[in-house]
Amino acid sequence: MAVSDVMIKSTGSYVPEKILTNKDLEKIVETSDEWIRTMTGISTRRIAAESEATSDLAYRSGELALKNGGIGPEELDLIIVATITPDMFFPSTACIVQDRLKAKNAVAMDVNAACSGYIFSLVVGSTFLKTETYKNALIIGAEKLTAITDWQDRNTCVLFGDGAGAALLVPSDGSGKLLAFDLGSDGGYGDMLYIPGGGSRNPATQQTVEDRLHYIKMNGHPLFKIAVNKMRETFKRSLKKAGLKPEDISVLITHQANMRIIDSLRSYLKVPEEKVFVNIEKYGNTSAASIAIAFHEACESGFIKRGDIVGLAAFGGGLTWGSAIIEY
Ligand code: ACO
């Protein structure tokens, strides 16, 4: 008989020590602390050290989630790392993390769904558990976005930061459940947010480097509108599948891309401000790590308690979007 419910047993996160403030950015590009705070809600972001790669951040967050869950690395069945900043093309970052964790018995794979990566991983991991293929899964959202940030482009460099968050999924003991989810993609919008160089379409050459093709390119203004619409639609679909109304949500955590996008979803759903967990001011947009870090911090601080109905919603490059309703 298949497992009927999956719960988040424990969480972890890791952010690098170095803090880059808006004032620091004023010295790099033509911008202002006031513009960044007003337009995005971001005050600071974390920057990984040159010696730190995405797998280092992922490993630290995963290790903490395992410790908090009380399971040893050899008991782990599945590791999924959601990232758009892998250490290298291959091996996957998940394989590197598996080795660091000494999780010898785990299958390891990456998921590339940009900022929706954590929700995609939650669904992939839960599905393996529900079919009883595996008995547990460590899902990690991890990014070193500052490695692919164009520090000459003020439209993007003020937005991103580095970090990682993890969650350990196990069959439900009755106290938690994944109630519903909804995922979506539209590759037709791929060029709204992408890195043109370095892949098989435009392999790295001196010219691609000179043309700055290895950095994030973003069409921010139209993306903003699409993000707002897609997050509304996906969240409504998850609510409907769960048979819930917005007022049933105890805590709302959305992708931390822009405070105005978070506010727009919150006011559309009429969820009161005090139910929304936000940490964008500290970390900026950490893509796949964003909801993962926020979820861990919300659990640690008591913002989320066992039994709470937690709503998650994200959108990102691809384009991709997704939402989930969890009974924690
Ligand atoms: N400092 C000062 N001025 C700036 C800056 C900056 N850092 N960046 C842009 N501006 C200027 C622009 O040049 C423009 O000036 P102009 O009117 O003289 O031409 C003005 O500010 C307005 O720019 P817009 O791009 O139209 O501003 P907008 O309201 O769209 O806000 C922002 C920009 C914050 C980037 C917004 O579009 C946004 O958040 N978009 C969504 C981003 C996002 O969520 N990305 C997806 C997830 S990331 C992932 O998947 C990896």
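Residues numbered from 1 in each chain as written. Predicted model: local features only at pLDDT ≥ 70, side-chain atom pairs only at ≥ 80, totals over all residues. Heavy atoms only, no water.

(A) Region of the structure containing the sheet that holds strand β1 (residues 6-14). Judged by pairing direction, the sheet is mixed, and its 5 strands sit side by side in the order β1-β7-β6-β4-β5 without closing on themselves. The open sheet terminates on both sides in strands that have one partner only, identified here as β1 and β5 (107-111). Strand-to-strand twist across the sheet, computed as the mean angle between neighbouring axes with direction ignored, equals 20 degrees. Taken together, the 5 bridges between strand β4 (residues 78-82) and β5 define a ladder with parallel strand orientation. Bridge pairing in β5 links Ala82 to Val111. (Pairing = 2+ DSSP bridges. Helix = DSSP H or I, 4+ residues; strand = E, 2+ residues; numbered from the N terminus. Axes fitted to C-alpha atoms, helices over the stretch in contact; angles between N-to-C directions.)

(B) Broad picture of helix α3 (residues 54-69). A rise of 1.5 Å per residue sets the reference length of α3, with its 16 residues, at 22 Å; its end C-alpha atoms lie 22 Å apart and thus fit the reference within 8%. For α3, the complete set of buried residues consists of Thr54, Ser55, Leu57, Ala58, Tyr59, Ser61, Gly62, Ala65, Leu66 and Gly69. Taken together, the buried residues of α3 touch β1, α4 (93-101), β6 (137-144) and β7 (162-171). (Expected span 1.5 Å × (residues − 1). Buried < 20%, exposed > 50% of the residue type's maximum accessible area, 1.4 Å probe, protein only. Contact = heavy atoms within 4.5 Å.)

(C) Here's a closer look at the packing of aromatic side chains. Taken as a whole, this structure holds 3 aromatic pairs when the rule is applied. With 5.2 Å between their ring centres and 50 degrees between their planes, Phe128 and Tyr134 make a pair best called tilted. We classify Tyr134 as partly exposed; its relative accessible area is 22%. With centroids separated by 5.8 Å and ring planes inclined at 70 degrees, the aromatic side chains of Phe295 and Tyr328 adopt a geometry described as edge-to-face. Of the two residues, Phe295 sits in helix α11 (residues 289-300) while Tyr328 sits in the segment after β13 (320-327), which places them 33 residues apart along the sequence. Residue classification places Phe295 among the buried positions, given a relative accessible area of 0%. A cation over an aromatic ring shows up here: Arg306 above the ring of Tyr328, its NZ or CZ 3.8 Å from the ring centre. (Phe/Tyr/Trp six-rings, centres within 6.5 Å; stacked < 30°, edge-to-face > 60°. Lys NZ or Arg CZ within 6 Å of the ring centre and 35° of its normal.)

(D) Spatial organisation of the domain arrangement of the protein chain. Entries for the protein chain in the domain assignment read domain 1 (6-173) and domain 2 (178-327). Here domain 1 and domain 2 have C-alpha centroids that lie 14 Å from each other. Buried area between domain 1 and domain 2, summed over both chains or domains, comes out near 3,900 Å², and the portion from carbon and sulfur atoms is 64%. Note that Asp150 and Arg212 form a salt bridge whose closest N and O atoms lie 2.9 Å from each other. Between the two partners, domain 1 and domain 2, sit 22 residue pairs in polar contact (both at pLDDT 80 or more). If you list the elements that add at least two residues to the side of domain 1 that touches domain 2, you get β1, α2 (33-40), β3 (44-47), α3, α5 (117-130), β6, α6 (154-157) and β7. Of the residues forming the side of domain 1 that touches domain 2, the biggest block, 8 residues, is contributed by α5. Tallied by class, the residues present in the side of domain 1 that touches domain 2 amount to 25 nonpolar, 21 polar and 7 charged. (Domains from an automatic or database assignment. Buried area = accessible area lost by both parts, 1.4 Å probe. Salt bridge = Lys/Arg side-chain N within 4 Å of Asp/Glu carboxyl O. Polar contact = N/O pair within 3.5 Å; in protein donor to acceptor, adjacent residues only side chain to side chain. Nonpolar A, V, L, I, M, F, W, Y, C, P; charged D, E, K, R; others polar.)

(E) Fine view of α11. Spanning 12 residues, α11 covers 16 Å between terminal C-alpha atoms, matching the ideal 16 Å at 1.5 Å per step. The element α11 is largely enclosed, with a buried count of 11 among its 12 residues. Of the residues making up α11, those classed as buried are Ala289, Ser290, Ile291, Ala292, Ile293, Ala294, Phe295, His296, Glu297, Ala298 and Cys299. Positive backbone phi, at 85 degrees, marks Gly302, one or two positions downstream of α11.

(F) Looking closely at the packing of helix α8 (residues 220-242) against helix α9 (residues 259-269). Between α8 and α9, the shortest axis-to-axis distance is 10 Å and the interhelical angle comes to 40 degrees. Taken as axis vectors, α8 and α9 run oblique relative to one another. At the point where α8 passes α9, the crossing takes the right-handed sense. Contacts between α8 and α9 involve Phe224, Ala227, Val228, Met231, Arg232, Phe235, Lys236 and Leu239 on the former and, on the latter, Arg260, Ile261, Ser264, Leu265, Tyr268 and Leu269. Considering only residue class, the contact of α8 with α9 consists of 10 nonpolar, 1 polar and 3 charged. (Parallel < 35°, antiparallel > 145°, perpendicular 65-115°, else oblique. Left-handed = near helix turned anticlockwise from the far one by under 90°.)

(G) Highlighting the sheet that holds strand β12 (residues 309-316). Pairing within the open sheet is mixed, and its 4 strands lie in the order β8-β13-β12-β11. Looking at strand neighbours, the two that pair on one side only are β8 (177-185) and β11 (251-254), the edges of this open sheet. Neighbour-to-neighbour, the strand axes of this sheet turn through a mean angle of 10 degrees, independent of strand direction. Here β8 pairs with β13 via 8 bridges, running antiparallel. Bridge assignment links Ala180 to a residue of β13, and that residue is Ile325.

(H) Geometry of the site of the ligand. Close to the ligand lie 27 residues; Thr31, Cys115, Arg154, His221 and Asn258 are nearest. In the environment of the ligand, an oxygen atom lies 3.1 Å from a nitrogen or oxygen atom belonging to the backbone of Gly220. Within the contact set of the ligand, an oxygen atom lies 2.7 Å away from a side-chain nitrogen or oxygen of Asn258. Bound to the protein, the ligand loses 75% of the 1,000 Å² it would expose on its own. A per-element tally of the shell around the ligand places α8 first, with 4 residues. When grouped by side-chain class, the residues that make up the shell around the ligand number 14 nonpolar, 10 polar and 3 charged. (Near = heavy atom within 4 Å. Areas by Shrake-Rupley, 256 points an atom, 1.4 Å probe, with all protein chains shown as cover.)

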